[in-house]
Amino acid sequence: MGKGIKIVTIGGGSSYTPELVEGFIKRYDSLPVRELWLVDIPEGKEKLSIVGDLAKRMVKKAGVPIEIHLTLDRREALKDADFVTTQFRVGLLAARAKDERIPLKYNVIGQETNGPGGLFKGLRTIPVILDIVKDMEELCPNAWLINFTNPAGMVTEAVLRHSNWKKIVGLCNVPISIQMGVAKLLEVESSRVHVDFAGLNHMVFGLNVYLDGKNITQEFLEEMTKHKSDTMKNIAAIDWEPDFIKALGVIPCGYHRYYYKQAEMLQNELEEAAEQGTRAEVVQQLEKELFELYKDENLAIKPPQLEKRGGAYYSDAACSLIDSMYNDKRDIQPVNTINNGAIASIPDESAVEISSIITKDGPKPIAIGDLPVAVRGLVQQIKSFERVSAEAAVTGNYHTALLAMTINPLLPSDKVAKQILDEMLEAHKEHLPQFFKEEVIS
Ligand code: G6P
């Protein structure tokens, strides 16, 4: 990395890319990125060129010598990369809309990363990630893969279990959003707050909250129940039952509403789908507006409208992580990484989302012993769901996919699971070649 760092972003035409570019610009002094390669597929060519031009204007305005390269040739980009970030969506937002709409027909939560939607996003995504990893083994064997592609926990699990590649870190903006939310509620600078995180992606808990080093978890939980809920933009902020939060004893993430408030969340999704559309449908419109803004040749910063997206601030997570790895900072950040015994009731070789010490050799998860009994069972069940889903994605085995769907706690029965599975397999056929292989009869 003597000549500066080479970063490759797969799914570079994403509307989120300006965040990432802003993050690299802000950190240029400690993280001298020499080349940023934005890679996309032919269908994303137009978006790539719009976002790429904005990225070029941003680095020019900031006066940093980061070269922006745009390409549809992933292998060309990957050659000698230092860090590869992935943020793509197989089937684009149209596929997400199906993940959200179809389960709702059966009165089941339709969500990007939870329940049937999470399973199908995984089935579409995991084979592509495993192909990228194969290219990386050949073209940039020393690089780290920083994955944002959802379902990020399942994807990390799949890479750890079904490839020889170990240099992967899964990232999410949920923990950083919780940390910022805690600071906001306490009305203090977020640097004064520290939260110990443990669990799985979109299933992570804040176990302890510290203010200036003092553990204030109980007081914080008490305080939390006095305020209106605040979640990320993509999750309905339906208030928690105050007594439940006090009983739980740890801070849930926004996505826990799908499990602990399933009835209310489902009702809300049904109403929203009928009124303004599902989240994917809303986001399709938001994306149109964002790309119109990005086209403006006078725009040379990340527009504030991007903060209407659920993934706002994700670049802080990504760029801080890369910065700490590159500089061997050994600070603590919550990431998805191999458990290695950090959470006692999760297999050592599985992916967990946990506060970790970030070193040049990757994250070292900070052992917590075990999760409180109140949340341990749900976390284990979701881990089983992720594992079985990843296996289904790799094998294309129908029964494994049915098993994954049925053991997910958001499904009411094996029968409904099968109905949804069959309808979704058909709807996503074009992106699931592993399930529709021609039988060779000899
Ligand atoms: C949250 C999640 C991300 C997810 C995003 C969706 O931030 O942590 O994993 O991709 O929301 O946001 P959107 O604006 O697309 O609904």
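Residues numbered from 1 in each chain as written. Predicted model: local features only at pLDDT ≥ 70, side-chain atom pairs only at ≥ 80, totals over all residues. Heavy atoms only, no water.

Chemist: Mind showing me how you'd approach the overall build of the protein chain here?
Modeler: Along the protein chain, the regular secondary structure elements total 16 helices and 12 strands. Computed over its C-alpha atoms, the radius of gyration of the protein chain comes to 21 Å, within 12% of the 22 Å expected for a compact globule of 442 residues. Over its C-alpha atoms, taken along the principal directions, the protein chain stretches across nearly 70 × 55 × 45 Å. Just so you have it, the protein chain exposes about 18,400 Å², and 51% of that area is on carbon and sulfur atoms. The averaged location of the 62 negative side-chain charges in the protein chain is 2 Å from the averaged location of its 51 positive side-chain charges. (Helix = DSSP H or I, 4+ residues; strand = E, 2+ residues; numbered from the N terminus. Rg over C-alpha atoms; globule rule 2.2 N^0.38 Å. Areas by Shrake-Rupley, 256 points an atom, 1.4 Å probe, with all protein chains shown as cover. Lys, Arg positive; Asp, Glu negative; His and termini not counted. Charge placed at Lys NZ, Arg CZ, Asp CG, Glu CD.)

Chemist: Hey, could you run me through a nonpolar patch on the surface in this one?
Modeler: A contiguous nonpolar surface patch, about 200 Å² in accessible area, is contributed by Ile 332, Ile 357 and Ile 366. Considering the arrangement of structural elements, one finds Ile 332 in strand β10 (residues 332-338). Judged by relative accessible area, which is 42%, Ile 332 ranks as partly exposed. (Patch = residues over 30% accessible without salt bridge, like charges linked within 9 Å, V, L, I, M, F, W, Y side chains within 5 Å. Salt bridge = Lys/Arg side-chain N within 4 Å of Asp/Glu carboxyl O. Buried < 20%, exposed > 50% of the residue type's maximum accessible area, 1.4 Å probe, protein only.)

Chemist: Got a minute to help me understand the site of the ligand in this structure?
Modeler: If you check the shell around the ligand, you find 16 residues, and the closest are Asn 150, Asn 173, Arg 279, Arg 309 and Gly 310. Between the ligand and the protein, one listed contact pairs an oxygen atom with a side-chain N or O atom of Tyr 16 at 3.4 Å. Between the ligand and the protein, one listed contact pairs an oxygen atom with a side-chain N or O atom of His 202 at 3.2 Å. Relative to its free-state accessible area of 390 Å², the ligand is covered by the protein chains to the extent of 94%. For the shell around the ligand, the class distribution of residues is 6 nonpolar, 6 polar and 4 charged. (Near = heavy atom within 4 Å. Polar contact = N/O pair within 3.5 Å; in protein donor to acceptor, adjacent residues only side chain to side chain. Nonpolar A, V, L, I, M, F, W, Y, C, P; charged D, E, K, R; others polar.)

Chemist: Before we go on, may I ask you to explain helix α13 (residues 314-326) in this structure?
Modeler: Residue pairs three or four apart in sequence face the same way in an α-helix, which turns once every 3.6 residues. Here α13 contains 13 residues, and its C-alpha end-to-end distance of 18 Å stays within 8% of the 18 Å for a straight helix at 1.5 Å per residue. In terms of burial, α13 is largely enclosed, as 10 of its 13 residues are buried. Within α13 the residues assigned to the buried category are Tyr 314, Ser 315, Ala 317, Ala 318, Cys 319, Leu 321, Ile 322, Asp 323, Ser 324 and Met 325. (Expected span 1.5 Å × (residues − 1).)

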